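# Structural overview for review
If you want the building blocks of each chain, they are given just below.
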Amino acid sequence: MYRFPRHMTPLTPPETDALSDLSARVIAGSAELAGRLHPVTRGTVAALLNVANSYYSNLIEGHRTHPIDIERAMKDDYSSDPVKRRRQMMSRAHVDVQKAILERLGDSPEEAAVSPEFIRWIHRRFYEMLPNDMHAVNADHPDDAAAVIAAGEFRRRDVRVGNHVPPTYDALPDFMAAFQEAYRLSALHGQRKILA
């Protein structure tokens with residue numbers, strides 16, 4: 001069990017000449033690509049990336065939801081299989097929350113997306129989009145005596161995600177403070193922003 005933020009350091013790689021050069025290439029390539037894509041094409045690519053992000057986010061949690069099934073969920077076409085349907089609903093919530101995050105940051109670009117408040121807002125929005133029977137630590141196995149997830153709140157018990165054992169629940173405020181300090185873009189300058 002992780003109890004101290006030092007257990008997750010370093011949070012960014014050390015600056016090296018190679019990383020600085022790579023950062024500069026990423027910035028230049030991003031600007032070039034943005035200038036070449038028509039806004040409609042850019043929106044289509046972003047929508048595809050949202051599906052990919054949802055796929056990998058679910059996969060990290062041990063839930064395999066095929067991208068075609070995610071696309072179907074985006075069109076309200078859900079499977080009759082209860083487990084597959086729950087996974088589709090979770091994927092749809094991921095995609096919709098990603099859109100909400102971008103809208104919120106578009107309206108307030110100076111907002112710290114790594115603050116505990118912002119992360120709780122993301123969590124709340126995600127679980128507001130799911131039915132109550134999916135507000136459990138292990139929603140794919142409803143027969144388990146799983147704890148109910150409080151939308152928008154940090155957990156109040158220790159958990160395991162697959163083989164990963166996250167920090168203890170009582171250490172979360174310290175970990176979140178360290179996370180915010182390491183990744184708050186307003187405190188980072190130059191290529192440190194890209195590295196972070």
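A brief look at the structure comes next. Keep in mind the model is a prediction, meaning the values are calculated, not measured.

## Notes on the nonpolar core
Core analysis: the biggest nonpolar cluster contains 13 residues, and Ile101, Trp121, Phe126, Tyr127, Leu130 and Met134 have the highest contact counts within it. For this core, the elements supplying multiple residues, two or more each, are helix 4 (82-107) and helix 5 (116-128). Among the elements that line this core, the one with the most residues is helix 4, at six residues. Filtering out sequence-adjacent residues up to four positions away, Trp121 remains in contact with Ala100, Ile101 and Arg104.

## Remarks on the environment of Met8
Turning to its location among the elements, Met8 is positioned in the segment before helix 1 (17-36). For Met8, a relative accessible area of 26% puts it in the partly exposed group. On a C-alpha basis, the gap between Met8 and Phe179 in space is 9.3 Å, while along the polypeptide they are 171 residues apart. Beyond its immediate sequence surroundings of up to four residues, Met8 is in contact with Phe175, Ala178 and Phe179.

Conventions and cut-offs
Residues numbered from 1 in each chain as written. Predicted model: local features only at pLDDT ≥ 70, side-chain atom pairs only at ≥ 80, totals over all residues. Heavy atoms only, no water. Core = buried A, V, L, I, M, F, W, Y, C linked by side-chain atoms within 4.5 Å. Buried < 20%, exposed > 50% of the residue type's maximum accessible area, 1.4 Å probe, protein only. Helix = DSSP H or I, 4+ residues; strand = E, 2+ residues; numbered from the N terminus. Contact = heavy atoms within 4.5 Å.

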